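Results of the structural survey
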Amino acid sequence: MKPFTLVTPKTITEASSFLKKHGDDGRAIAGGTALVIMMNERVFNPEYLVDLRGLKPLRYVRLDKTRGLRIGSLTTHRMIEQSPIVAKRYPALKEAFETIGNVRIRNVGTIGGNLAYAEPQCNPPTVLSALDAEIIVSGLKGSRRIQAEKFITGIYETQLKPSEVITEIIVPPMPPKGSCKFLKFTSRSEEDKPTATVACFLQLDAKGVCKTARLTIGAVGPVIYRCGKSESILQGKPLSDQLLAEAADSCTDSVKALDDIYGSPWFKLEVSRVLMLRALKAAWKEVSS
Amino acid sequence: MEGGLIVKTSGLQEVKITVNGVKRLVPVKSNWTLLRLLRQGFGCNSVKEVCGIGECGTCTVIKDGKPVSSCIELAIRTNGSIIITAEGLAVGDRLHPVQQSFVEEGGFQCGFCTPGMIVMAKTLLDENPTPTLDEIKEYMAGNLCRCTGYWQIVSAIQKASERIAKTTASQPQRRNNRRL
C-alpha cells in the first residue's frame, strides 16, 4: 500500500469541500473493506483518504410511517441484518445483507460504502432497486435524490460527483399485499462473488390483480438491470403459474452478461431466469396468502 | 490545517490503542494495517496474515467487542479502540473456556488458523451464549481451516458454550458484580 494522508472531517460539508478540492486524488473511506484491499493491491492509490467513520449520526435504521425505512449511510451490514424492523417488514433486505461476505466484513462494511463502491456483484444494489429505494447524496450545493436502479452507471462507476457523499438510503413503505424476494447463486463457495442476483417486488390489488411488479437482475453485467418486458407482462393481470413463467422467460431480454470466471453469458442468463422464476413464485405465494 | 480539518501528515502518526489491556501511544505509518501494528508493535504473533482480503479469518481480532479482519483495517484509523487478540484471553495459566475446549476436543491440527478460530468463537459466545449448530456454522463460515474438517472445531465451540453456561449458573453473584 502506498502512503497517504488521512483527513478526519467532523461534518459532511467538511468532507465534501475536501473531496471537491482534491478531485481524483482524494477518496472517502467508510468501512474500508473494499477500498483497503484495492489500496493493498495498489490498484488504487489515493493521496488523501477522507475518513467518514467519525460521522456517528449517520448510523441508524429507522422506520418513518410515511416515508418508509431510513438507513444512515454509515450503518454496517450487520446492523441492518440484525435490525428487528428490517426482519419484520423487509425480509428480502435482511436476506441480502446477511449473505454479504462474512461476519467480520459485515461488522465493518457499510451500506453507503457498498453503494459507492459500485460493484454490480454486491447484493444491496439489486435488492434496493427492486424495492424502489432512493439514495440521498449530499454535496456542496445541498442534497439530491438518486433512484437506486440508476445509481450504478458501470463497474466501479456511479452518478456521484467528486464532492458528493451518500448520507441516507430511503426504502418506501412496504404496502399491504406487497412482497419482495431476493435470491443469489454462487458457483463456488457461499461467500464468493455471485454468478447472478435477482430481486422481485410484487404488489397485488384487492382483486388479486398485479398492480406493481419490479424485477431486477444484478451481478451478471456492468450495471443493475431492470426487466421492463417481464414487468409489463405481469402488471394489470391476475397472476398464474403460466404468467410467472412467461415473465421469467423474458426477464433477461435486455440484459448484457459479461463472460468471466463466475460463468459464461449463457450460463448467467439461464441462472437468472431460473432464480427469477423461483423469486416470483415465492413472492406470489407470500402475497396471496 | 484545512479549514478546521485535521490533516494528518503522511509520516509517522501517533495512535492511542489498548491491546489486551495495555494502553499505549504508538507511532504508525499511514499505510500500516492493524495486523502489522499488532505483530510489529505489540508482538501479537497469534495474528497472522494469509489471504490479505478479509476472507480467511486467520487475522481475526476483537475490536471494540466485535470481530474484525485486522488485515484490511488501517492502523491509523484505530485511534482510541480496544483490541483483544488470542494472547489476551487466558488469565495467567488458566485458559479461556474456548481455548480449553479446543484443547480437549482437538479443534486444530497444524494450528495456523486456531488463534482466529478461537477469537471468532469467543465473540460468537459473547453475542449468543447458546448457539445452535447452524448458528455456529453460519458465524464461523468466514474462518477457513484446511486440516480438521471443522467438526472438532464445532464440537469445541459446543463444549465451550456448555462450560460457560455452567460457570455462569454456579456463580450468579459474580456475574452481576462484573456487569456493574
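Residues numbered from 1 in each chain as written. Chains lettered and ligands numbered in written order. Predicted model: local features only at pLDDT ≥ 70, side-chain atom pairs only at ≥ 80, totals over all residues.

1. Considering the overall build of chain B
Defined as follows: Helix and strand definitions here come from DSSP, where helices need a minimum of 4 consecutive H or I residues and strands a minimum of 2 consecutive E residues; each element is numbered from the N-terminal end. Residues with at least 20 neighbouring C-beta atoms inside 10 Å of their own are called buried, those with 12 or fewer are called exposed, and the rest are partly exposed, where every C-beta is derived from the backbone. With C-beta atoms placed from the backbone, a contact is any residue pair whose C-beta atoms sit within 7 Å.
For chain B, the helix and strand inventory stands at six helices and six strands. For chain B, the sequential pattern of α-helices and β-strands runs β-β-β-α-β-β-β-α-α-α-α-α. In chain B, which comprises 180 residues, the share counted as buried stands at 41%. For chain B, restricting intrachain contacts to residue pairs at least 6 apart in sequence, the fraction spanning at least 24 positions comes to 60%.

2. Brief notes about the domain arrangement of chain B
All names here are of chain B. Rules: Each domain's extent is set by a domain assignment, obtained either automatically or from a database. Asp, Glu, Lys and Arg are counted as charged, while Ala, Val, Leu, Ile, Met, Phe, Trp, Tyr, Cys and Pro are counted as nonpolar; the rest, among them Gly, fall into the polar class.
For chain B, the assigned domains read domain 1 (12-88) and domain 2 (97-169). On a C-alpha basis, the centroid separation for the pair domain 1 and domain 2 is 22 Å. Contact with domain 1, which involves 15 residues of that partner, is made by eleven residues of domain 2. Elements that contribute at least two residues to the side of domain 1 that touches domain 2 include exactly β4 (60-63) and β5 (66-69). Residue contributions to the side of domain 1 that touches domain 2 peak at three residues, all from β4. Grouping the amino acids of the side of domain 1 that touches domain 2 by side-chain chemistry returns seven nonpolar, five polar and three charged.

3. Brief notes about the sheet that holds strand β5 (residues 68-72) of chain A
Residues and elements named next belong to chain A. We apply this condition: By this definition, two strands are paired if DSSP reports at least two bridges between them. Every angle, taken between N-to-C directions, lies between 0 and 180 degrees, and every axis is a line fitted to C-alpha atoms, over only the stretch in contact when it is a helix.
Within the open sheet, the five strands sit side by side as β4-β5-β10-β6-β7. Their pairing is antiparallel. Edge positions in the sheet fall to β4 (61-64) and β7 (142-147), since each of these pairs with one other strand and no more. Ignoring which end each strand starts from, the neighbouring axes of this sheet average 25° apart. Sheet topology places strand β6 (residues 134-139) next to β7; six bridges connect them, and they run antiparallel. In the sheet register, Ile136 faces β7, and the bridge partner there is Arg145.

4. So, the nonpolar core
Residues and elements named next belong to chain A. Test applied: Nonpolar cores are built from buried Ala, Val, Leu, Ile, Met, Phe, Trp, Tyr and Cys residues. These are joined into a set through C-beta atoms within 7 Å.
By size, the foremost hydrophobic cluster in this structure holds 138 residues, and its most contacted members are Val50, Cys200, Met276 and Leu280. Looking at this core element by element, the count peaks at ten residues for helix α12 (residues 265-288). What Met276 contacts, discounting residues up to four positions off in sequence, is Val198, Cys200, Leu215, Ala248 and Cys251.

5. Remarks on the packing of helix α3 (residues 114-127) of chain B against helix α5 (residues 151-170) of chain B
Axes are the key here: two packed helices are described by the angle between their axes and the distance separating the axes. Residues and elements named next belong to chain B. We apply this condition: Angles are sorted into four bins: roughly parallel if under 35 degrees, roughly antiparallel if over 145, roughly perpendicular if 65 to 115, and oblique for all others. Handedness of a crossing follows from how the near helix is turned relative to the far one, being left-handed for an anticlockwise turn of less than a right angle and right-handed for a clockwise one.
Axis separation between α3 and α5 bottoms out at 11 Å; the angle between their running directions is 45°. Accordingly, the angle class assigned to the pair α3 and α5 is oblique. Here α3 runs over α5; the crossing is right-handed. Counting all contacts with α3, which are made through Met117, Ala121, Leu124 and Leu125, the residues of α5 involved are Ile153, Ile157, Ala160, Ser161 and Ile164. Per-class residue counts for the contact of α3 with α5 are eight nonpolar, one polar and no charged.

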